[in-house]
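# A look at the structure
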Amino acid sequence: MIDNRLSIEKSVPGRRGITFKNSLRAKAAIPAALCRKEAPLLPEMSEFDAVRHFTKLSSLNFSVDTHFYPLGSCTMKYNPRFNEEVSALKGFTAVHPLAKDSAAQGTLEMLYDLSSRLTELTGMDGITLQPAAGAHGEFTGLITAKAYFRAHGETERVEVIVPDSAHGTNPATASMAGFSTVNIASEPDGRLSLTKLKEKLGPKTAVVMLTVPNTLGIFESRIEEIAKAVHEAGALLYMDGANFNALIGLVKPGEIGVDLMHLNMHKTFSTPHGGGGPGAGAIAAKKHLLPHLPMPLVKKDNGKYFCDYGDSRSSGQVKSFFGNTGVLVKAYAYLLTHSAKETGDIARMAILNANYVLAKLKDLYPCYSKEYCMHECVLTPGHDMIEKGLKTLDIAKGLLDKGFHAPTVYFPLIVHEALMIEPTETESKETLDEFIKAMREIHDEGIADPDSLKAAPLRQAVKRLDEVQAARKPNIRWQA
Amino acid sequence: MYLPHTEKDKEEMLKAIGVSSFEDLVKQIPSKFLNPEYNLPEGLDEVQAARHIQKLSEKNRKTLNFLGAGAYERYTPAAINALISRGEFLTAYTPYQAESSQGTLQTIYEYQSCMCALYGMDCSNASMYDGATSLAEAARAAVRITGKKKIIYSAAINPQYLKVMKTYFAQSEEYEFIACPLEDGKVTLASLDKVLDERAACFILQTPNFFGLIEDGEAIGKAVKEKGIIFIVSADPASLGMLKTPGEMGADFATGEGQSLGLPLSYGGPYLGIFTCAKPLVRQMPGRIVGMTTDKDGKRGFVLTLQAREQHIRRDKASSNICSNEALCALSATIYATLLGPSGLRELAEANAGAAAAAAEKLTEIPGIKKTFSGNFFNEFVITLPCDADMLREKILEKENIDIGLPLKTLFPEMGNALLVCATETKTEEDIDRLAKAVKENL
């Protein structure tokens, strides 16, 4: 029986985990009129109670460490423990963000070196490490573009072009940055239509946002012509780098005509996802955009590292202080242990793994695309499963009971009943074979007994949950 | 290395795919773009990399630190790192598959509950990036709800927050930002009266404010609400074990920097954006929210809920573009609040207020130094020095390895030789004596 009591339900008045005996407490002299009337409703637990509570909760999770996690577009690769250890060094964690540059030379040197390496890998001219996540990076990219056009007196550029295969963050970011979104339908092969792009490009276009490879796991082969068309229209080409794991050490986005792009440290650069964050989402840019990046940027002069706060051409600041430095140390540690060739092997093995899964499953789960894929592939349930009333959701839930995390489901939106599988490079052939076997069994068992699959999962902490009730009568906190 | 493939594996896999070499798989990439030259150093092995990074970390200076201004030196209880390092938490993704993510989902529900309890608010989301972006998102929500484009803020909010907020409005001239002037470092009803008007979307108060002063949030809240303006409060959660809550002040949105709940400084992040609101505004919140529900058998379970607000559903109509948040930091803060409980949080607030009071007392005993403002303060305060604050800071840092605090001249030129000094629960009487001695001897 799983204990799903909340911490507050295990609370016993008078129990304590941590106390503060600091003698200075007696000096506190805040008038009662400024104080809260009632103590907050928080659990009272011993340290051991709390440790057991959270340890038990952790055991209810699937994670990369415990389960194959082929969540498409999320790059759930192994998170090296080395990165964790070095990012926790006191020398890094104890530095205050407003410390003088002279007191933070180690951190600044790390950030500078990381910036140089990422700039080289992307083939761009400079980078800001300030954004806290991928979507935050997208926002940073678009306000940088906005500042660029403002500086050039081109304020009539108010549109951002986004293909219909894009992540939801792209159009959401465009709105947040004060642009309107122009959608473009993808070609039957999943690629961007050059003709349709040219129809939409014009004096109002500010930015074209493109995910490379796209969310179908396909490289935009016509990227050179796309970039040329975008630039001829006076607009900028932004690359959503969520899928950079397919290109690292293999292709430099700067060479294919990209002006601005973000990188997800928590995808390509192996920092853990932490159940949803923290991440870090650097923005790399070409020379013409560098003065417009948010500040500060780390620079070097005469062997000393310093924060440069830029000037009025900067788009501002997207986060307090520098960025998610603790995450950046992990990405730095990862890059330190890879030569140029070894970074290329990351992409090569990611592509090999995805194609292997695709080759072994496409007879039962038709692939949207007929080509080889890059680092991920988008499959769908076949006609035989659909005829039995089986859906992608059922396959996802069936996988949980077989000990695999589900792929990304129902995305990209342009594929009906999509199953987006990204194995990543750190999974072995044996694990992929087990996953392939599980997928094939789900197919066969689903055809033989559809109702059983529709009832899955049966072996998790809970069965399928009532999401309608959760949204209709939101219960989002405990109450007295 | 992190790649498991043997040569034999690669051969078998290529064969299964039906190609003879890897290059056959990437023909969709124009060949001229493939395999460019990279100017990168050789890869280090783990021993070499460990030595290199250790050395870098030692180039940072270990100081006795009295800097605050939005990031605070905290003690992290040992149990926290042990728990958040568990791979089951650390290496999980956003809990999209609820049945296999109940651990993360329940901890987020508990996080939301803890933040509501601390802030005295009805609803909390699962986290934002940091205190600044939380506040910016609250201001955006106020503009979205009211359709008004004027934002009034206390002149004593953290200047970085103001900068981030303006960036979140894309520096657009469409929006009007009006500062509420201060009297003796604080917002008063009289100063508020000069700027409040019905055309505003919101009024933003920070308490304790940037100068450490505790604002009279209740009276201010009343005046703001009388004008029908959305009231946004940014508050330090470490103060809320003791101080009046944004809920008691009548806040519509309350935000804060969760770094105060036991997270390390780490040169600016990862931190934790706390975002809470009053019940009627729940569907205006950005970011993820976890709700309690039941499964097919009627058993309690947790799911991501109210997702119709979010980018993956609403795309360009979403309340925010946020996707990844600061989940692991939120977990850390939840464990912190659980370990401390209501009494521990009260003690934490007392230890902060006590340390700062002691530091202020010692420093103002030094001839020539006086407190700049007269009001009650929490864990930081401003003093006016008889000399250049930047030069004194530099001198004491070099000679004594003490960072005495943040000189305010760059941010507030009119404040001259003012210095913002912070002392948290990590400071002892001995530390404060060292600070006072160093300042006295180097003036």
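Everything in this summary refers to the structure shown in the same document. (Residues numbered from 1 in each chain as written. Chains lettered and ligands numbered in written order. Predicted model: local features only at pLDDT ≥ 70, side-chain atom pairs only at ≥ 80, totals over all residues.)

Let us look at the overall build of chain A. Each helix and strand in chain A was counted, giving 16 helices and twelve strands. With the principal axes as the frame, chain A shows a C-alpha extent of 75 × 70 × 45 Å. The buried share of chain A, taken over its 480 residues, is 60%. Restricting to contacts in chain A with at least 6 residues of sequence separation, those with at least 24 account for 71%. (Helix = DSSP H or I, 4+ residues; strand = E, 2+ residues; numbered from the N terminus. Buried ≥ 20, exposed ≤ 12 C-beta atoms within 10 Å, placed from the backbone. Contact = placed C-beta atoms within 7 Å.)

Strand pairs in the sheet, formed through backbone hydrogen bonds, run parallel or antiparallel to each other. Residue and element names in this part refer to chain A. Strands sit in the order β1-β7-β6-β5-β4-β2-β3 across an open sheet of seven strands; the sheet is mixed. Only two strands of the sheet have a single neighbouring strand rather than two, namely β1 (126-128) and β3 (180-184). Pairwise comparison of adjacent strand axes, ignoring direction, gives a mean angle of 25° for this sheet. As paired elements, strand β5 (residues 236-240) and strand β6 (residues 260-262) share two bridges and run parallel to each other. Counterpart to Y238 in the pairing with β6 is L260. Strand contacts of helix α7 (residues 169-176): β2 (159-163), β3, β4 (205-211) and β5, with the helix running at about 175° to β2, the strand carrying the most contacts. (Pairing = 2+ DSSP bridges. Axes fitted to C-alpha atoms, helices over the stretch in contact; angles between N-to-C directions.)

Another aspect to go through is unusual backbone geometry. With an omega dihedral of -15°, the bond running from V212 of chain A to P213 of chain A counts as a cis peptide bond. Take P213 of chain A: it is sitting in the loop between β4 and α9 (223-232). In the segment running from G269 of chain B into P270 of chain B, the intervening peptide bond is cis, with an omega of 5°. Note that P270 of chain B resides in the loop between β7 (253-257) and β8 (273-277). Not every positive phi belongs to a glycine, and S73 of chain A is a case in point at roughly 75°. Inspection of the secondary structure assignment puts S73 of chain A in the loop between α2 (47-58) and α3 (81-87). With a phi angle near 55°, D184 of chain B is a residue other than glycine that sits in the positive phi range. Locating D184 of chain B in the fold gives a position in the loop between β4 (176-180) and α8 (189-195). The exposure class of D184 of chain B is exposed, given the 12 C-beta atoms found within 10 Å.

Residues and elements named next belong to chain B. Spatially, the four strands line up as an open sheet ordered β11-β12-β15-β14, and their pairing is antiparallel. Looking along the sheet, the strands with just one partner apiece sit at the ends: β11 (370-371) and β14 (406-407). In the sheet, strand β12 (residues 380-384) pairs with strand β15 (residues 418-422) via five bridges, with the strands oriented antiparallel. In the sheet register, E380 faces β15, and the bridge partner there is C422.

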